[in-house]
Amino acid sequence: MMNTKEIMELGEQYLMRNVGRIPLAPVKGEGARLWDADGREYLDFVSGIAVNSLGHCHPAVVDAICRQAGKLIHCSNLYYIEQQARLARLLVENSALDKAFFCNSGAEANEAAIKLARKYAKLKEGAEKFEIITALHSFHGRTLATVTATGQPKYHKGFEPLPQGFKYVPFNDLAALEKAIGPATCAVLLEPVQGEGGVNVASRHYLEGVQMLCREHGALLIFDEVQTGLGRTGRFLAYQHFGVEPDILTLAKALGGGFPIGAMLAKEDIAAAFQPGDHASTFGGNPLACAAALAAMEEMLLGGVVENAASTGAYLYEKLKGLGKKYPFVKEVRGLGLLLGMELTMEGKEIVNGCLERGLLINCVNNSVLRFIPPLTITPDDVDRAVAVLDQVMGRKNE
Ligand SMILES: *Cc1c(COP(=O)(O)O)cnc(C)c1O
């Protein structure tokens, strides 16, 4: 067994420096708890970035993975895969969409959505209708097309030339979209709550207006629910808060209970634009990933998990609001369910590090927004413990 220092040294020597790594080497998890290679325990309010919604190593997911691994790990998508078809049925029955495509990540799900929207528009309206409008501060992935869809120039820098056909508008600004949308628009791609961009919640009025503009201009509405989906916001899907149904929906993060899998769902007539050979993935929807996701989603739908995200989310929100009243450097607390953000009037890095030292994992987005994305299974006790740590760290900052 290696200790933290040894693991860090090995990583420094052999891994690319494509991310800024935190000096922590997790080796074991259970529920909302995580242990590092030196045996220190942490309360995890990051959850693998909204992946471990059922907590670490949920027994139903572990059991499904172990049993499936002993039977069939992989086979080609040229064949019918029982777990894949059953997972598709479960997602369709619990959403407004009709057909599913499986892949391995959020970026791949959005990549598939972009390709489907373009193909559909091309078949229906002709070659000129290919533009996709996305929001500033959005996040849609790191492949060339999805990073281009991502409305944050800092992620584009150095990778030009970017693929054509993407346009950005300010989020929650209907007038700006009305100006940008036109006959060339094939789709509008949005997150109902922007996660990486700073936990920005769309207004109902905005999403209703977006849907109307899309219909008026024959453009598809795509919701990227890679982060907001699957219980995170206190509903199974975030769009259910707003009464606005998308034509295409993308999922990933929490779908596999920690195992990598992504999905792109679409309405029947739109899905039909993909003909045999149009799009595929070698690993996407393999038996092991789908068995993990089936177990995770059955647990999510039967176990009162989504309801807990709503109620414990409301509890955490109130506690964070309380800290906001106490500390003048808190600008705003916002979010939905257990996707909450606390915007500061300063950088959040020091507070994140202070919490890490005291055994609480949180992260910071957009420089100044502390983000809270714990497992959806956390208890009010976990919230109290986390808020007490945060209070200590913020108190020191206030001195
Ligand atoms: C994380 C995320 C993605 C990208 O998912 P990957 O699995 O990292 O490719 C896309 N969209 C949103 C909203 C996300 O939060």
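The structure presented is a predicted model; accordingly, all values stated were derived computationally and were not measured.

A. Summary view of helix H11 (residues 305-326). Helix length check: H11 (22 residues) gives 31 Å between terminal C-alpha atoms against 32 Å at 1.5 Å per residue, within 8%. Along H11, the residues that are buried comprise Val305, Val306, Ala309, Thr312, Gly313, Leu316, Leu320 and Leu323. Buried residues of H11, seen end-on, are gathered within an arc of 125 degrees and therefore sit on one face of the element. Opposite its buried face, H11 presents the exposed residues Glu307, Glu318 and Lys325, each directed more than 90 degrees away. For H11, the elements touching its buried residues are helix H10 (287-302), strand S13 (330-336), strand S14 (339-344), strand S17 (369-372) and helix H13 (380-398).

B. Geometry of the site of the ligand. Around the ligand lies a shell formed by Ser105, Gly106, Ala107, Asn110, Phe139, His140, Gly141, Glu191, Asp224, Val226, Gln227 and Lys253. In this structure, phenylalanine 139 approaches the ligand through a main-chain N or O atom, which is 3.2 Å from a nitrogen atom. Alone, the ligand offers 390 Å² of accessible surface; in the complex the protein occludes 81% of this. When residues of the shell around the ligand are assigned to their parent elements, the largest contribution, three residues, is made by helix H5 (residues 106-125). The residue inventory of the shell around the ligand, partitioned by class, reads three nonpolar, six polar and three charged.

C. Just the sheet that holds strand S11 (residues 248-251), in detail. Taken together, the seven strands give an open sheet; going across it, the order is S4-S12-S11-S10-S7-S5-S6, and neighbouring strands pair in mixed fashion. Whereas interior strands pair on both sides, the edge strands pair on one side only; in this sheet they are strand S4 (99-103) and strand S6 (166-169). Sheet twist, expressed as the mean angle between neighbouring strand axes with direction ignored, is 20 degrees. Inspection of the sheet shows strand S5 (residues 131-135) paired to S6 by four bridges, in the parallel sense. In the sheet register, threonine 134 faces S6, and the bridge partner there is tyrosine 168. Helix-sheet contacts for helix H4 (residues 82-93) involve S4, S11 and strand S12 (262-266), and the interaxial angle to S4 is about 125 degrees. Packed onto the sheet, H5 meets S4, S5, S6, strand S7 (185-190), strand S10 (220-224), S11 and S12 and runs at close to 165 degrees relative to S11.

D. Representation of the sheet that holds S17 in the model. With respect to topology, four strands assemble into an open sheet ordered S13-S14-S17-S16, the strand pairing being antiparallel. The open sheet has two edge strands with one neighbour each: S13 and strand S16 (363-365). Between one strand and the next, the sheet's axes are offset by a mean angle of 30 degrees, whatever the strand orientation. Two elements, S13 and S14, share six bridges in a ladder whose sense is antiparallel. Across the sheet, leucine 336 pairs through a bridge with leucine 339, a residue of S14.

E. A look at the pattern of salt bridges. Evaluated as defined, the whole model comprises 18 salt bridges. The partner of aspartate 382 in a salt bridge is arginine 33, with the nearest N and O atoms 3.3 Å apart. Here aspartate 382, found in helix H13, pairs with arginine 33, found in strand S2 (residues 33-36); they are 349 residues apart in sequence, far enough to count as distant. Take aspartate 382 and arginine 33: they sit in the same class, and that class is buried.

F. Spotlight on the packing of H11 against H13. The N-to-C vectors of H11 and H13 enclose an angle of 15 degrees; their axes lie 10 Å apart at closest approach. In terms of axis orientation, H11 runs roughly parallel to H13. Between H11 and H13 the crossing geometry is right-handed. On H13, the residues touching Thr312, Tyr315, Leu316, Lys319, Leu320, Leu323 and Lys326 of H11 are Pro380, Val383, Asp384, Val387, Leu390, Asp391, Met394 and Asn398. Across the contact of H11 with H13, the residue classes break down as nine nonpolar, two polar and four charged.

G. Looking closely at unusual backbone geometry. The amide bond that connects glutamate 160 to the next residue, proline 161, takes the cis arrangement and shows omega of 0 degrees. Structurally, the position occupied by proline 161 is in the loop between helix H6 (144-149) and S6. Non-glycine residue serine 47 carries a positive phi angle of around 55 degrees. With respect to the helices and strands, serine 47 occurs in helix H2 (residues 47-50). On the basis of relative accessibility, which here comes to 0%, the residue serine 47 falls in the buried class. You will see that asparagine 366, though not glycine, has its phi angle at about 55 degrees, which is positive. Structurally, asparagine 366 is set in the loop between S16 and S17. On the accessibility criterion, asparagine 366 (29% relative accessible area) is partly exposed.

Rules behind the numbers
- Residues numbered from 1 in each chain as written.
- Predicted model: local features only at pLDDT ≥ 70, side-chain atom pairs only at ≥ 80, totals over all residues.
- Heavy atoms only, no water.
- Helix = DSSP H or I, 4+ residues; strand = E, 2+ residues; numbered from the N terminus.
- Expected span 1.5 Å × (residues − 1).
- Buried < 20%, exposed > 50% of the residue type's maximum accessible area, 1.4 Å probe, protein only.
- Arc of directions from axis to C-beta.
- Contact = heavy atoms within 4.5 Å.
- Near = heavy atom within 4 Å.
- Polar contact = N/O pair within 3.5 Å; in protein donor to acceptor, adjacent residues only side chain to side chain.
- Areas by Shrake-Rupley, 256 points an atom, 1.4 Å probe, with all protein chains shown as cover.
- Nonpolar A, V, L, I, M, F, W, Y, C, P; charged D, E, K, R; others polar.
- Pairing = 2+ DSSP bridges.
- Axes fitted to C-alpha atoms, helices over the stretch in contact; angles between N-to-C directions.
- Salt bridge = Lys/Arg side-chain N within 4 Å of Asp/Glu carboxyl O.
- Parallel < 35°, antiparallel > 145°, perpendicular 65-115°, else oblique.
- Left-handed = near helix turned anticlockwise from the far one by under 90°.

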